[in-house]
Each structure stands twice: as structure tokens, then as C-alpha cells.
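Each chain is listed here by its residues.
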Amino acid sequence: MLPNIHNYDVKNIWQKTYLDSFLAQGWPSSKNEDWKFTSLSQLLTDSFDIALELGGDIAEKQAPKLPGNKHKYSLIFRNGVLDSELSHAGDENVRFSNLLDDDHALSLLKNNLLENHPIFNLTLGAMQSAVLIDVSETQVEQTPLIDLSFVGGIRKQSAHPVVVIRVAEKAQVKISEFHASANGLSAPIIVVNLAKGTVCDHIRCQVADLDTSQLGLSLVNQDAESDYNNFSFSSGGDVSRAEMHLNLNGENAQCKLSAIYLGRENQHLDITTRLYHNVANCTSDQIIRGVLDDRARGVFQGKIRVAQDAQKTDGQQMTRALLLSRETEADTKPELEIFADDVVCSHGATVGEIDENQLFYLVSRGIPTAQARAMLIEAFLIDTLTHIRAPELSEQVQFHIQDWVLKSALLSANNV
Amino acid sequence: MSILEIKELTATVDGKEILHGINLSVGAGEVHAIMGPNGSGKSTLSYVLSGRAGYEITGGDILLNGTSLIESDADERARAGLFLAFQYPVELPGVSGMSFLRAAVNARLREQGEEEVDQLGFVKIVRAEAKKLGISDDMLKRAVNVGFSGGEKKRYEILQMALLKPVMAILDETDSGLDVDALKIVSEGVNLLRHPERSMLVITHYQRLLSHIVPDRVHILSGGLIVKSGDKSLALEVEENGYAGIDNVA
Ligand SMILES: Nc1ncnc2c1ncn2[C@@H]1O[C@H](COP(=O)(O)OP(=O)(O)OP(=O)(O)O)[C@@H](O)[C@H]1O
Ligand SMILES: [Mg+2]
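Only a predicted model underlies this, so the values are computations on that prediction, with no experimental measurement involved.

Draft legend 1. Representation of the site of ligand 1 within the structure. Residues and elements named next belong to chain B. Neighbouring ligand 1 are 15 residues; Gly39, Lys42, Ser43, Thr44 and His205 lie closest to it. Between ligand 1 and the protein, one listed contact pairs an oxygen atom with a side-chain N or O atom of histidine 205 at 2.9 Å. Residue assignment for the shell around ligand 1 shows that the elements contributing at least two residues are strand E2 (16-27) and helix H1 (42-50). For the shell around ligand 1, the per-class residue count stands at three nonpolar, eight polar and four charged.

Written out as C-alpha cells, the structure reads:
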């Protein structure tokens, strides 16, 4: 069912166009190729009111304790609305302002060619907090860390926060996103705009409530010689989609995208990437690992599009799923659209189970079955974790992984 | 008293009976060798003893120190002091060698009610044992068995045995894949582990190993049965005449 937006007034008139187009199209069904495996019209059965103000309890799910860092800038969104009391005010190195006051930044958001995208349209139409973060090129001794938390929220409401991060030439930045929403629907849009020669390490940790539908959209633009390292972890939500559109717009830009999804019970977890090699001499490397238990379903859709002029492109993509139960399902849809001739692109996908030979080897050494299974699941994920370049950001994620893996291993060992 | 006692053991794999009634008794501190043609059931016996899933015991019993093992899972048997050196050690990509070894040793220590070893102390112990077996520090840093040569894998099996200090060790063709020098190093490693409270069952095709690790008894396994037992001279007999010269060999 659609969100209840009939008695909702947009804040700005231009937003109405987006809302109207969302309403005209509704949630996509599996007939829509982009939503083939994640049919929102079937999966989203509740209706919500648009969240308008701060709300929800955050006592239980506090924002992550990131390592102490005097260059840390925290923004906390509750119910999809910026909580300015709990948030950092910014300074001359990392400036916070209202996105709606900056036409250039707004165009970074609006210029994405996503006119038929339900989340893009809905969130642009319904956003309450739209924050612009400018990371200046003035280099501080330590790389600034932007820490975005999306917590709390009211079950019957849908949250639509928007954050645009604009990184100036040669600047370096670390970004940590933490999603632990309790909203019925949480649909944040995060835009990262990397100017020439920037370096960005970005971690996203999604551990939303198990009855939250978490549909995130990340839009990244990379200028020449920029270097982007992204890691995304998803284990929350009844329906979760981590969707990223990344444009390589300047030569010699490079990106590394790694992702882990862990699903159990009836969760539906989707990772979708759209990588656009628009110019020559860029590299992209994607590595995705999923573990599914119970009746969970995993989806990976990865498109790499190489424009005609994007010669010497190197685009790699590898996805693997580990199924811990017979009732899980993993769907993979790689798409290579290559219009240049001098490129190296590849993709691969595998789906497997825990190897009985490996398990026996471990237990034959006296290691209890549950621990042995946990060791093998963690070993399956390790390649992805070694992709992370900012280890201090990965502690939080590692904790959630160990917790999840141990629970699965213990439950299955008891069931044998 | 026997450390290991196998009585009238029958076992099936995928519903097919492979072991047809094995009787074998290994005393404390003894080393017994098992020889036999390909496909006679030697590896099957070692898997049945160690409790591998899919290897079903249909009759008889296995006693370790007088206690029946057949209701115990593989990990419990290992913690009770049984150890199998694999004919084909398994690669574990992504599992760090050190954390694997420590998990195994700590599981056994916990079982014995002893304190677990800390990381630093453990690394020292492992390095010292590894040195005796000619295992490089670099190998220790890699994932378990990944990128090891055939011979390196066999050495790594013996390293695990040295660390786990089993009461009953089964070595399944530990000599296969070893060059002459490695055979010597590994055999010396095994001999160092001979102990009045540690027994061994050494499965091999070759007398050569048995000239290094001298057995107290030699058994011939054929068609899922022990068809002949004798002292170390039986191995020489097999070497000279093959199995054709031995009665009852299928
Ligand atoms: N899963 C299985 N299903 C059916 N038969 C099996 C299975 N595994 C082993 N066997 C059979 O059991 C018999 C014994 O095999 P085993 O591996 O124990 O022999 P072995 O004595 O160790 O031989 P080798 O000297 O070649 O190592 C063989 O005939 C083999 O084909
Ligand atoms: Mg064998």
C-alpha cells in the first residue's frame, strides 16, 4: 500500500512534481526490470504517514560508539528528521547547511536521471530534513569523519532524510552511516560528490528493526583521480535494499565497493549497484558476499555500463552467496553494457553451502560444531572485510557480523 | 589395558557395507601399522573411528580407554584424545592457521578443565613445534593448508598432532607425497611424539615409513577385514611379495 500522502503538504512547490510522479506510478512490481526480484508492490503491504517531526525512542539503539576522534562530526536523525540538539554544529572544515538553500548542491541531487525511481521520487517529495555537508579542501592533520546515524522512528510513519556530502578538491574524508531505524519505512538518500583528487572511505551499517522496510539510495559522483572505498553491511529490515548509483565522471578515478548481507527468518535483502564508467581510464572493483539462513531471500543486481569513450576501463564484479538452509533463495543479475572496445570487464557469481569436508576437518580437531560453522561462515566473508581501508570504521560491523554468525551457527548446530 | 579396542566393527557408507567385522586392540604406548590394497577400507576405518558423518556403524564397538565412542560426535572424540592425520588434508581458505590451531588446542584444554592458552604464549609454542618439523613461519601465517604443497600439508598434520597431544593418533598415509628428506623429518617428528601414554595406528603402503617409525604390530586389512597380523617382519614380507603372497587377501 502507498504511503498516506493525500493530506500531506509539500514544503516547496517543486517537490510536488516528485510526489505526483511517485503517486502516479505507485510501488513497482516484478514486471519492472529494476525491481524484478524485489517487487515492492507485493512486499510493502502497510501504509504510512510521512514522518514530520522527531520521534521514537533511541535509548536502546544508540548511535554507534565510533572511536574517539576530535575530527568527528556527528549528525543524528530521528524519525528521519535531523535532531539538531544531539548533532554537531560543524565548523570551517566541515560545514553544515540547508540543502534547499544551495542550488548547485540541489542540482547534484536532482540531476540524477531517476525520474521513474520510486524512492527517489518519494523521498525528494517528502523530505523533512535535507542537509548539505561541505568538506573543505583545507586539510586538517586528521581526516574528518562524518558520522551519520538514522535511529529511532515511529512504526506507522515513513522517514525520508536527505544528505548531500560535497567534498572539495584534494580533500580527504571518512563517512560512517549507521541505520537502525524503527520506522515502518525508512528511505534515506545519501549523495556523495567527490571532486578531483579526493579520497573517501565510506562505511554503511544497516541494522534496522526486523519490521522496518529499509530502502536506501546512495548516489555517488566521482571526478578525476578521486578514490572511493565503500563498504556496505545489511542485516536489518524485513525488506532491505541498498542501492547505489555511481558515476565515474573523471579520468583515473577508482572505486572499490564491497558489501555483505546477512539474512534470516523471512528477510528479503537486496543489493543493487549501477556503475557508470562515463570516461576512460577508470577502475571499479565490486565484491559482494551474502549469507542466508531460514527462509531468507537475497538479491544482487549489478550493472556495469561502459560508455563508448570509456576506453581502458577496468570493471570487476564478483558475488557469492552462502546458503545455510534449504529454504533460502539467492538471485543474481549481473548486467554488463559495454560500448567501448578496449576494456577489461568481468563478473562472476557463485552460490554454495557449507562444505562438509571443511566442517569435518575442523570438528575432527575437537572444535565444537557450532564454532566450526561460525569459523567457516566468517572465512567466507573475510575477503570482503579485507577490502575495507579504514579499519577503525569496521569494528562496529565486525561486531554485528560475529553476533549474527554465532547465532546462526548455534541454532543450526542444535538442530542437527 | 588397551587404549583402543575395536570389536567386531561393521560400518556402511551410503548404505554399502565397507567394514565387515574388524577386531583390533592397541595397547598403551604401542604403534600398530595397517597395510592393505587400495580400496580395502583403511581410510574408511579411520573415518569411522573419528566419527565422520555419513560413516554409519552398524555393529560392534569402539572403546577408547575402556569407554565406548560410538555415541560421541567427532568433536567429542577428538577432545577425548583421538586424532586423525588426514590422507588428504582439507584447505580452509579464509581460516587463519593460528586461530584454527588455537581453537583446537583450547577446545581440548577446556575439556580437560585446564586454562586456555593466550595468543602470545601460543604463538611461541607453535613456532617451537613447527621448527622441529621444518615448517616455516610463513606457512603458519597462511590460511589452513591453502597453497601448501602436498608434503607441507602432511607436516602440518603432524604439527597439529604435536599440539593436541592425543592419546590415540591415526595417521592415514602420512608418508604419501613426502620426498625422502621430508619423510625423515616427519618420521622423526612422529617418533618424538611416541610416549608410553600415546598409541598410534599408522596406515601406509610402504615398508619405508615403517623402517623409520618401527611398529610393534602390523595388520593387513583386505576387503574390510583384518586378514593377518604379525610383527614388523610382516611389512617386509608385503614389500617383497606383495599381497598375493598373503592368505585371504581379496
Ligand atoms: N561414499 C562412498 N560410497 C560408496 N563406496 C565408498 C564410498 N566411500 C568409499 N567407498 C568405497 O569403500 C572402499 C574403501 O575405501 P577406502 O578409501 O577406505 O580405501 P583405502 O583402503 O583407504 O584405499 P587407498 O589405499 O586407496 O587409500 C572402496 O571400495 C571405496 O570405493
Ligand atoms: Mg585411503
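Draft legend 2. Focus on the interface of chain A and chain B. Counting from both sides, the interface comprises 18 residues of chain A and, opposite them, 30 residues of chain B. Summed over both partners, the interface of chain A with chain B comes to about 1800 Å²; 67% of that surface belongs to carbon and sulfur atoms. Ranking the residues of chain A by area buried against chain B places Phe360(A), Tyr361(A) and Arg365(A) at the top, with a combined share of 43%. Linking chain A with chain B are one salt bridge. With its nearest N and O atoms 2.7 Å apart, the salt bridge here joins Arg365(A) to Glu157(B). Linking chain A with chain B are nine residue pairs in polar contact (both at pLDDT 80 or more).

Draft legend 3. Structural view of the sheet that holds strand E6 (residues 145-152) of chain A. Residues and elements named next belong to chain A. Read from one edge of the open sheet, ten strands run E3-E2-E6-E9-E12-E14-E16-E18-E20-E22, paired in mixed fashion. Both edges of this open sheet fall to strand E3 (81-82) and strand E22 (344-352), since each of them pairs with a single strand only. Pairing between strand E16 (residues 254-263) and strand E18 (residues 283-292): ten bridges, direction parallel. If you follow cysteine 255 over to E18, its bridge partner there is serine 284. Against the sheet, helix H6 (residues 369-385) contacts strand E14 (227-234), E16, E18 and strand E20 (314-323), and its axis sits at roughly 160° relative to E18.

Draft legend 4. Structural detail: helix H4 (residues 119-132) of chain B. All names here are of chain B. An ideal rise of 1.5 Å per residue puts 20 Å on 14 residues; H4 measures up with 21 Å between its terminal C-alpha atoms. Looking at the buried side of H4, the elements it contacts are helix H3 (97-111), helix H5 (137-141) and helix H6 (150-164). Where H4 begins, the capping side chain belongs to aspartate 118, and its oxygen is found 3.1 Å from the backbone nitrogen of leucine 120. Of the residues one or two after H4, glycine 134 is the one with positive phi, at around 65°.

Draft legend 5. The coordination of the magnesium ion (ligand 2), seen in detail. The protein atoms that coordinate the magnesium ion (ligand 2) are Ser43(B) (OG) and Gln87(B) (OE1), at distances of 2.0 to 2.2 Å. Taken together, the residues span a long stretch of sequence, with Ser43(B) in helix H1 and Gln87(B) in the loop between strand E6 (82-85) and strand E7 (92-96) at a distance of 44 residues.

Draft legend 6. A look at the pairing of strand E15 (residues 239-248) of chain A. Residue and element names in this part refer to chain A. Within E15, ten of the ten residues are buried, leaving the element largely enclosed by the surrounding structure. Burial along E15 is two-sided: Val239, Arg241, Glu243, His245 and Asn247 facing one way and Ser240, Ala242, Met244, Leu246 and Leu248 facing the other are all buried. When E15 meets strand E17 (residues 268-277), the two strands line up parallel, connected through ten bridges. The residue bridging valine 239 from the neighbouring strand is histidine 268, located in E17.

Draft legend 7. Quick look at the nonpolar core. The biggest cluster of nonpolar side chains holds 118 residues, and the ones touching the most others in it are Phe100(B) and Leu159(B). Top contributing element to this core by residue count: H6(A), with ten residues. Both domains that meet at this core, namely domain 1 (13-250) and domain 2 (354-416) of chain A, each give it at least three residues. Apart from residues no more than four positions distant in its own chain, Leu159(B) is found in contact with Leu101(B), Val126(B), Glu129(B), Ala130(B), Leu133(B), Ile135(B) and Leu140(B).

So, how was this worked out
Residues numbered from 1 in each chain as written. Chains lettered and ligands numbered in written order. Predicted model: local features only at pLDDT ≥ 70, side-chain atom pairs only at ≥ 80, totals over all residues. Heavy atoms only, no water. Near = heavy atom within 4 Å. Polar contact = N/O pair within 3.5 Å; in protein donor to acceptor, adjacent residues only side chain to side chain. Helix = DSSP H or I, 4+ residues; strand = E, 2+ residues; numbered from the N terminus. Nonpolar A, V, L, I, M, F, W, Y, C, P; charged D, E, K, R; others polar. Contact = heavy atoms within 4.5 Å. Buried area = accessible area lost by both parts, 1.4 Å probe. Salt bridge = Lys/Arg side-chain N within 4 Å of Asp/Glu carboxyl O. Pairing = 2+ DSSP bridges. Axes fitted to C-alpha atoms, helices over the stretch in contact; angles between N-to-C directions. Expected span 1.5 Å × (residues − 1). Donors = N, O, S within 2.8 Å, 3.2 Å for Na, K, Ca; no water. Buried < 20%, exposed > 50% of the residue type's maximum accessible area, 1.4 Å probe, protein only. Core = buried A, V, L, I, M, F, W, Y, C linked by side-chain atoms within 4.5 Å. Domains from an automatic or database assignment.

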